[in-house]
Amino acid sequence: MKYCKKCLTTNLRPNAEFNASQICIACEFAASDYTPQLASDKNLRDLKSWISQLKKKNQFKKYNDQYDCIVGVSGGKDSTRQAHWVRDRLGMNPLLVCGAYPPKQMTSIGAENISNLISMGFDLEIVCPAPKSAARLSLEAFRLFGNVCKSTELALFSVVPQVALEKKIQFIFWGENPALQVGDRATLGVNPFDGSNLRSLNTLSDGGIEWIEKCVGRKSAFYRYPSLADMNKKGINIVYLGPAWDDWSTFENASYAALQGLTLRPESMRETGDTSGASMLDEEFTNINMMLRYFKFGFGRATDDVNEAIRSGRLSRTEGAKIAQEFDGVCSDEIIERYCEYTEISVNEFWRVAISFVNQDLFSVASGQRPKPLFKVGHDFD
Ligand SMILES: [Zn+2]
């Protein structure tokens, strides 16, 4: 396992890419002209000009003379900021679309935060999967891929372009560009705002969707990401806002959203490993996924958070490594018990499956214990 020399991204991250000096693409980007802190006005102008080019090319028309774009929201910290930013900075009128978690999975904080968005004066369309098939798919994805959120993530990303197609709303705005924020090479587009390759995001493309069709039959429509041909036919564009945003980061978004009434995570970071207190507030099984990802690839959510802080100069690489070493992979027994209840399996069965996905080159595994890392965060490991 090799680490980026500037941050703590490892070469085991799916679709990661390092340059000849062992620097990841997110760090390369942070040091380029597009560094938001260096050139925010220019970036905003570039974004606006990209939007007008796309408008011209696709003979832009508002939907019902009312909405000119969709902002995909979850009720978390990024949603609040994105909705405001599109309205206030771009002067556009968004329809918010939320691919929601089924009632049993959504937390009450998630529901409160969605209400908070509506009370700010936005129109919101919520699409929610059938609860029983959602639970079955979560368990199936856990067994097949060691990923308890794969189907919900697919739904969350797919519902938004589905609604755009149905209503022919030509712009979809997302916040982060995954290529530039976390280094997913496959999603790079023709410029930092271009989201046409979002469909190649590891989480969406890896494993196909045949397993979903097999598991829940016709209820799989909800989880299907629209084809590129269909999107092009209706002139629908996906645009990332993050690169034009002078202070887009987990940290800044959480502070902004909290000041706008967002409810933060009440549990301690000793239970969830969430060092921001503001990640993925709308459901709690993501914490399990972050732990599983840590066992598979050697990096967890704390690494993602500190990487941002390192690139923005708020933390040194050494300080970041200490935090990641302590909080990567943290997830309380209580959260795991609630997941077992949700999917109707025993805690023993949970760990049997979880252990089968542990990378045993990186972790030592002993019965009755959680896997222990053999590596030290930030140090290349053979
Ligand atoms: Zn890096």
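I will try to describe carefully the structure that is included in this document.

### Quick notes on the pairing of strand E5 (residues 237-240)
Here comes step 1: The two faces of E5 match: Asn-237 and Val-239 on one face and Ile-238 and Tyr-240 on the other face are all buried.
Here comes step 2: In this structure, strand E4 (residues 171-174) lies alongside E5, joined through 4 bridges in parallel fashion. Paired with Phe-171 across the strands is Asn-237, a residue of E5.

### What to know about the coordination of the zinc ion
Here comes step 1: Bound to the zinc ion on the protein side are Cys-4 (SG), Cys-7 (SG), Cys-24 (SG) and Cys-27 (SG), at distances that span 2.3 Å.
Here comes step 2: Here the zinc ion binds 4 donor atoms, and the angle range of 103 to 114 degrees at the metal identifies the geometry as tetrahedral.
Here comes step 3: Each donor residue of the zinc ion lies on the same chain, and together they follow the pattern C-x2-C-x16-C-x2-C. With Cys-7 in the segment before helix H1 (25-30) and Cys-27 in helix H1, the pair connects residues that are 20 residues apart, well separated along the chain.
Here comes step 4: Here Cys-7 falls in the buried class, since its relative accessible area comes to 0%.
Here comes step 5: Note on Cys-27: relative accessible area 4%, which makes it buried.

### Thoughts on the packing of helix H13 (residues 286-297) against helix H17 (residues 347-356)
Here comes step 1: The N-to-C vectors of H13 and H17 enclose an angle of 40 degrees; their axes lie 9 Å apart at closest approach. Classified by the angle their axes make, H13 and H17 are oblique. Listed contacts from H17 to Ile-288, Met-291, Leu-292 and Phe-295 of H13 are Phe-350, Trp-351 and Ala-354.

### Digging into a negative patch on the surface
Here comes step 1: On the surface, Glu-271, Glu-334, Glu-337 and Glu-341 cluster together to form a negatively charged patch.
Here comes step 2: Broken down by element, the residue count for the negative patch peaks at 3 residues, all from helix H16 (residues 333-343).
Here comes step 3: The topology assignment puts Glu-271 in helix H12 (residues 269-272).

### Some remarks on the side chain of His-84
Here comes step 1: By the element assignment, His-84 lies in helix H3 (residues 77-88).
Here comes step 2: When neighbours within four sequence positions are excluded, His-84 is seen to be in contact with Arg-89, Met-120, Phe-122, Tyr-256 and Gln-260.

Analysis parameters
- Residues numbered from 1 in each chain as written.
- Predicted model: local features only at pLDDT ≥ 70, side-chain atom pairs only at ≥ 80, totals over all residues.
- Heavy atoms only, no water.
- Buried < 20%, exposed > 50% of the residue type's maximum accessible area, 1.4 Å probe, protein only.
- Helix = DSSP H or I, 4+ residues; strand = E, 2+ residues; numbered from the N terminus.
- Pairing = 2+ DSSP bridges.
- Donors = N, O, S within 2.8 Å, 3.2 Å for Na, K, Ca; no water.
- Tetrahedral: all angles 85-135°; square planar, octahedral: opposite > 155°, others 65-115°.
- Axes fitted to C-alpha atoms, helices over the stretch in contact; angles between N-to-C directions.
- Parallel < 35°, antiparallel > 145°, perpendicular 65-115°, else oblique.
- Contact = heavy atoms within 4.5 Å.
- Patch = residues over 30% accessible without salt bridge, like charges linked within 9 Å, V, L, I, M, F, W, Y side chains within 5 Å.
- Areas by Shrake-Rupley, 256 points an atom, 1.4 Å probe, with all protein chains shown as cover.
- Salt bridge = Lys/Arg side-chain N within 4 Å of Asp/Glu carboxyl O.
- Lys, Arg positive; Asp, Glu negative; His and termini not counted.
- Charge placed at Lys NZ, Arg CZ, Asp CG, Glu CD.

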